[in-house]
Structure formats: C-alpha cells, structure tokens
Amino acid sequence: MKKNLLILCLLLSFAVSVNAQKAKYVFYFIGDGMGAGQVLATEMMLAEQDGRIGYEPLCMTNFPIIGMARTYSNKNSVTDSAAGGTALSTGYKTTNGFIGMTSDSVAVETIAEKLKKLGFGIAVCTTVSIDHATPACFYAHATSRKMYNVIGNMLPQSGFDFFAGAGFRKPLNQDGTSIYDKVMDAGYTIARGLDQFYKYKANSDKMLLIQRTDGLEENKYESESSIPYRIDRKDGDLTLEQITRAAIDFTPKENGFFMMLEAGKVDWGCHANDLAAAIGEVQDLDDAVKVAYDFYLQHKDSTLIVITADHETGGLSLGCDGKYFLRLKQLERQKQSGWNFWEDLKKTYKANPKLSWGKVKKMISEKFGLYSEIKPSKEEDKAIKNCFYALTGNKKKIQHTLLDHPKYDMGIVLTQVFDRHAQCAWTTTGHSAANVPVYAIGVGAEQFAGWQDNIEIEPKILKAMGY
Ligand SMILES: [Zn+2]
C-alpha cells in the first residue's frame, strides 16, 4: 500500500512538473511563400554543390517535429499573404487582402496583441517593409493590405517593444505628416542600420530598426520596400540573422517574449520565378533560425520555435520536361537576382541609348552563364531578345514566342530560362494552394506534428504558453 502511494505521489509530481512547463520565449518564423519544394531545393542544391545527389539538412529541417499546414483562405483556394498572415496571427480564416479582420470586417486580436496585454515582450520583424501584409497582420487591422498609411499609423499605437524591417513603403500620410514622426512621438527610437542600433539601444525604450539608407540626412526617409536579396547583398545591408540577434538583445525578457520573424523575400524571389534568389532567402531564414536555436539551447525548458509559411509561391517543380535529374549546381553560376539585373540593365540603357544586343548578351553571360556555358534554345533566345527590343523601342523586331513575358520583363524571362536548364520549372508568377511545412522544437512543439490547418497554429502556440 505504502509503495503504491509513493508511486502515485511520484506520478502526480511528474504530471505537475510537466504541466508547469510553459513556453516563456516564443520564436515564430514565417517564410513567406516557402513551400516544401523551396526548402528541398535548398537542401538538394547544397548537396549538389558538395558533389553528391541527396540533401544537406538545414537547421530547421533537423528539428524533431515536422508537420504540414493547409493554407486556403475563407473565399479562395489560393490565399494571399494578408489572409494567410491573418490565419497565422489570429486563428481566423479571412478574405484575401484583409489584415487582422474576419470576412465581415470585424477586427480580431492578434497573438502579439494578446501577449502584449499579458505582459510579454513583443517583437515584429521582416525583411520587407514593416507595413507589408505579413508583419501588418500582427499589429494592424484593415480591410485592404494596400491601405499602407492606415496600417503604418497603427504600428506606433501597438506599443510593441521592437520592430525591424526595410522601413515604411508609404512613409508619408496624405496630409503630409510622416509616419516616422508618429513612431518617434510614440517613444520609439529609430535606428538606421546595426551601428545605430547598438549605439542607441541602451537608452531606448522601444525600437524600430530599419535598413541603412546612405546619403540621406537624419530625419529624412525614403519609401523602403525591402532589404536586398542575399544574392545582391552589399556591406551594411541588414540580414534576418542580424535582426533576430538584435530582437533577442532588445526585447524585454523578464516576463517572456514573443517574436514574429518573417523572411519576406522567399516569396518575392518565387514571384519573380528566380530560384537562386529564393534559395538565398531560405538560407537566410535558416541562419536566423540558428540564432533562435542557440537561444533554445540556453533555455530548453522555456523556449518554443515554430517555423512555417503563409503559402507556397510560384508552383515550383523540381524536375521538368520528362527528365529524371536536376542540375541545381548550376545555380551557383547566377551572380545577381533577375530583378536587380533588369533594373541595372534599364539604367545602363538610359545612360547609353546606343546599347547593343552584343553588349547585353555579354552582361547576361557574365551574370547567368547563359550564352556561354548554358546555351538557350531558339525560343528562349527569342524571348530574351524580345525584352531587349521592347526596352529599346524596337517592337517591330519582336517575334512572339510562348515564353514571352506580358511586360517583357527580362529579369523574369532570364531566370525562367536559367531555372529550366537546371530542370526546375515554375507554373505561376503568383501563389499556389500547395501545403506548407511546419517545423518545431521546444516546449509544446509536439502539437505541430502531422496535418493541421493554418488557423490551428496560433492557438497551439498560445496553448504551449499556458493560455
Ligand atoms: Zn505571402
């Protein structure tokens, strides 16, 4: 009898200690547009670069819990980032375009707002503009993601401790007032770049960390849509890894914290059908996850890390044209994003209207290996040239092909052609309905194993935190 009682007491105390374990520190990573294919492409490319077929696991794919989430929105099989973000931030499915609101335009509290009230430190971070759909879904409520001013003005009202991103896409209100001024009036310090962050942090109550903009006077701000892609990165550009370190450094820890960290440009790379650019962003996200994982190793009994996506972008196919191989090693030949190449080319043409096709071909070969190591087919060659003819006002020379881009965007055509030679293909320049992966580790992570709907993720995180 005594022995049974002892076992019962031991079991009870074990149950109490298990129940008492709550996630005090939560990292919620969102790879915008990051489907399972984008993650696998990254792992298989790393293996090919290492001279083998297979995969090189990322930090996040090594996590013990793997699940899958469905992403459809309230009225569309294919979600946009606003409805996807709202599902992930509030646990409600809504109409595409809506931010933090149900389909009948009722504002719903986001996980960040709930936890702020409960005394947690809150950080909302992204690699795109801070008024963009995904970060907005954690602090704002609007019937359209395009209401950038409405959304931007809600940021200082949130009172969250730490924000980071490129800046504001629409920094000026219609009455000429600046959202940056409102942010500062609400007690935020604005740090432009990491140097300023480390200089100001000790004397700051709340912080907005944005991309450094060289050549601008203090208190002058430009519209900032995103931090450059990893593939185009220059010294001084922010990275999600640096942002994650700064967020951990700055956000109050006494009562625990909640951080949403978005890799916003996996999506942009996929919209542009640019696999090398998109893979760079997945790697960047994984570098940031490593920072959170180091934090987890120091606080194993009180930390939860969840990584997922709002949707897949691009309908990426690893394998095409009936071939049974990939040439992912080829991606290392690409030296610049297609978008950046096209922007540079347009500037070069403006400065030199006599720019010849021969010169452009040389530029393409330098940045993509196309026309030198990789030979485009006749159709591909025509589609690339058509973009050049459209740019230089020689539309008469255009010979239409099925590979033409409606706006003759050479950045997109080049990467579509380049990726096809790596035996990877894109089915859309928009989003797809594909399921997205969920990776988790830490307190309450087991809840994320297996199938789930995107609206189940927010309540599961709160449950892990004891709510
Ligand atoms: Zn998205």
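Residues numbered from 1 in each chain as written. Predicted model: local features only at pLDDT ≥ 70, side-chain atom pairs only at ≥ 80, totals over all residues.

K.L.:
Is there a simple way to explain the pairing of strand β13 (residues 436-442) in this structure?
P.N.:
Remark: a regular strand shows side chains that alternate across the two faces of the sheet. In terms of burial, β13 is largely enclosed, as 7 of its 7 residues are buried. Bridging between strand β2 (residues 65-70) and β13 involves 5 bridges; their strand directions are antiparallel. Each bridged residue has a counterpart across the sheet, and for I66 the counterpart in β13 is Y439. In this sheet, β13 lies alongside strand β8 (residues 303-308) in antiparallel orientation, the contact comprising 4 bridges. (Buried ≥ 20, exposed ≤ 12 C-beta atoms within 10 Å, placed from the backbone. Helix = DSSP H or I, 4+ residues; strand = E, 2+ residues; numbered from the N terminus. Pairing = 2+ DSSP bridges.)

K.L.:
What's the story with the sheet that holds strand β7 (residues 257-263) in this structure? I'm lost.
P.N.:
Paired through backbone hydrogen bonds, the strands of a sheet run either parallel or antiparallel to each other. Judged by pairing direction, the sheet is mixed, and its 10 strands sit side by side in the order β5-β6-β4-β3-β7-β1-β8-β13-β2-β14 without closing on themselves. In this open sheet, the two edge strands, each paired with only one partner strand, are β5 (188-192) and β14 (450-453). Across the sheet, the mean angle from the axis of one strand to that of its neighbour is 15°, orientation sign disregarded. (Axes fitted to C-alpha atoms, helices over the stretch in contact; angles between N-to-C directions.)

K.L.:
Just to check I follow, could you spell out the domain arrangement of the chain for this structure?
P.N.:
For interface size, the figure often reported is the accessible area lost on association. Domain annotation of the chain identifies domain 1 (24-315 + 429-464) and domain 2 (318-425). Put simply, the middle of domain 1 and the middle of domain 2, counted by C-alpha atoms, are 31 Å apart. Counting residues at the interface gives 18 residues for domain 1, matched by 19 residues for domain 2. Elements with a contribution of two residues or more to the side of domain 1 that touches domain 2: α2 (36-49) and α11 (275-298). Of the residues forming the side of domain 1 that touches domain 2, the biggest block, 7 residues, is contributed by α2. Considering only residue class, the side of domain 1 that touches domain 2 consists of 11 nonpolar, 4 polar and 3 charged. (Domains from an automatic or database assignment. Contact = placed C-beta atoms within 7 Å. Nonpolar A, V, L, I, M, F, W, Y, C, P; charged D, E, K, R; others polar.)

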